[in-house]
Amino acid sequence: MKRQNTFKHIINQITRNTAHLWVVIIIILVSSCSEPSSALLFEQTEIYPENNGTIMGFAFGDINDDGAVDLITHEGAGGGAITWYESPAFEGNWKKHEIDTIGPNGTHFSVGDLEVGDIDNDGDIDVLAFEHPGEWSFNYTGKELTTNIYWYENFDNGTLWKPHYIGQVPDFVKDVELLHLDTNNRLDIITITYIDDHNFSVFRQDTGDHWTHVQNFSIDNLHEGMDSGDIDGDGNIDVAFNGYWAENPGGNLEGKWNVHVISNKWHNQSGDWRMNATKVYCKDITGNRKVEVFISHSEDKGYAVAWYETVFKDGRIQWKENIIGNGFTAVHTLQVGDIDNDGDFDVLIGENGDHGVKGDDKKKQVRIFLNQGDNKNWQEEYFSDEGLYNGLLMDMNNDGLLDIGGTSGHEKDPYYIWFNLGENIEQDK
């Protein structure tokens, strides 16, 4: 089998590597046979032992152009630095490099999400940065402080960095998208904020040093959770968030971004800051050239993980809900990709390991739902009960298999990568 050959190849690589960080684990920990076995095997390695604060923003990209995928981190609630960790590519420890410890305006960095990409089209990976003292930081009037947005230009393979100003938004940024929204071949930015203004902003990149704030408005109960894709099939990249989607007008992006409802239940909740918080992921799993929208509740308990598909009725887009699983708490990781390499798309979910919801003392589940080929039936696979916060899927070692990165929770935890070894051959015997 092709997957068995891949498995043997990676095992041989790992056997040759003597770095002390590698710990071979079978994800399903069959000790005492209290947990079911899994169809997949993973190998865990630790990138850094603990955060200096509460890092919320994580991204992957080849910063030093050596062909290996590196990790980039951005401080979150505590306020701090932007850092990248150089991948050893099986040859040693991950090496820490600081991009900047303080913003151009003299304030720390803080954000709830992170995106990286080739912003200046020069062939290397640049990094977004958000100057803010930390989530829940207020001025003397009790209003959340503004965020200054920058991008850091990568020089000499990540050894030198130059900040460029993009613009300002009214609150702490919960989510950001760095993507091509128009046709000028330059990456643009979308941000959403939550605490005071529930702000939706679009920044069009005209040149690296000039960005136009083309959209700047509020949306009722806008909270965390955002992703992008062509939702209506018109060729423009749209945006989905907590039960809403915003329609890209195309052109110079200055036209009206009409906001539509996917499902009211994700933004009509009442209560404290936990209400209406989500994770969102967009992926075309049906092959109809329009993305479907996956949504989980990122802060509260008792919610399903669901995906929504468009249905046209009377010339209008409507949405059909499909439930993947029920009864989860604070699902702060929601990722979609072909994890078992069988040609369809699977779902990774992870509850926040450091999150406390009154009345919920369960272990923090991390599960993989393997698509049975019809996008309707899912085989639930045990991954861990330690939680997974802002986890990401990424092929870290270029072997064609999606790996998993993340911390167990939003507090001081190690950052781990679980390398996907493919099919659990022992289980198939």
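What comes next concerns the included structure. Note that the structure is a prediction, hence the values are computed from the model and not measured.

### Let's talk about the layout of surface pockets
So, step 1. The space that makes up the largest pocket amounts to roughly 750 Å³.
So, step 2. If you trace the largest pocket, you find 33 residues lining it, with L114, E115, Y281, Q335 and L392 closest to the centre.
So, step 3. Of all the secondary-structure elements, those providing two or more residues to the lining of the largest pocket are β2 (55-61), β10 (173-179), β14 (227-229), β18 (278-283), β22 (331-337) and β26 (389-394).
So, step 4. Partitioned by chemical class, the residues of the lining of the largest pocket number 16 nonpolar, 10 polar and seven charged.

### Digging into the packing of aromatic side chains
So, step 1. Under the counting rule described, the total for this entry stands at 16 aromatic pairs.
So, step 2. An angle of 85 degrees between the planes, with centres 6.2 Å apart, marks the rings of F328 and F369 as edge-to-face. One end of the pair, F328, is in strand β21 (residues 316-329); the other, F369, is in strand β24 (residues 366-371), with 41 residues separating them in the sequence. F369 matches F328 in its accessibility class, with the two residues each being buried.
So, step 3. Feature note: the residues Y48, F58, F60, Y85 and Y415 constitute an aromatic cluster, connected by ring pairs.

### Remarks on the side chain of D188
So, step 1. When you line up the elements, D188 lands in strand β11 (residues 188-193).
So, step 2. Buried charge without a partner: D188 forms no salt bridge, and the closest opposite charge is R204, 6.2 Å away.
So, step 3. Among the polar contacts made by the side chain of D188, one reaches the main-chain amide nitrogen of Q205 at a distance of 2.9 Å.
So, step 4. Those residues in contact with D188 that sit more than four places away from it in its chain are E177, L178, L179, H180, L181, D182, F203, R204, Q205, W211 and L253.

Rules used throughout
- Numbers given to residues run from 1 along each chain, matching the order in which its sequence is written.
- Side-chain atom pairs in this predicted model are given and counted only at pLDDT of 80 or more, local residue features only at pLDDT of at least 70, and totals for whole chains, interfaces and linings cover all residues.
- Derived side-chain values reflect all non-hydrogen atoms in the structure, with water molecules and hydrogen atoms excluded from consideration.
- Buriedness of a pocket was judged along seven lines, with at least five required to meet protein on both sides within 12 Å; pockets are open sets of points on a 1 Å grid over the protein atoms alone, cavities are sets where a 1.4 Å probe fits but cannot get out, and lining residues have an atom within 4 Å of a point.
- Grid points are joined across faces, edges and corners, and a volume is the space filled by probe spheres set on the points.
- The helix and strand labels rest on DSSP assignments: H or I over at least four residues marks a helix, E over at least two residues marks a strand, and numbering proceeds from the N terminus.
- Nonpolar residues are Ala, Val, Leu, Ile, Met, Phe, Trp, Tyr, Cys and Pro. Charged residues are Asp, Glu, Lys and Arg, and all others, Gly as well, are polar.
- Pairing of aromatic rings covers Phe, Tyr and Trp, the last counted by its six-membered ring, and requires centre-to-centre distances within 6.5 Å; plane angles under 30 degrees mean stacked, over 60 mean edge-to-face, and any other angle means tilted.
- Note on classification: 1.4 Å probe, protein chains only; a residue is buried when its accessible area is under 20% of the maximum for its type, exposed when over 50%, partly exposed between these limits.
- By the counting scheme adopted, Arg and Lys are positive, Glu and Asp are negative, and His together with the chain ends is not counted.
- When a carboxyl oxygen of Asp or Glu is within 4 Å of a side-chain nitrogen of Lys or Arg, the pair counts as a salt bridge.
- Here a polar contact is taken to be a pair of N or O atoms separated by no more than 3.5 Å, where protein atoms must pair a possible hydrogen donor with a possible acceptor and residues adjacent in sequence count only if both atoms sit in side chains.
- Whether two residues are in contact is decided by their heavy atoms: any pair within 4.5 Å suffices.

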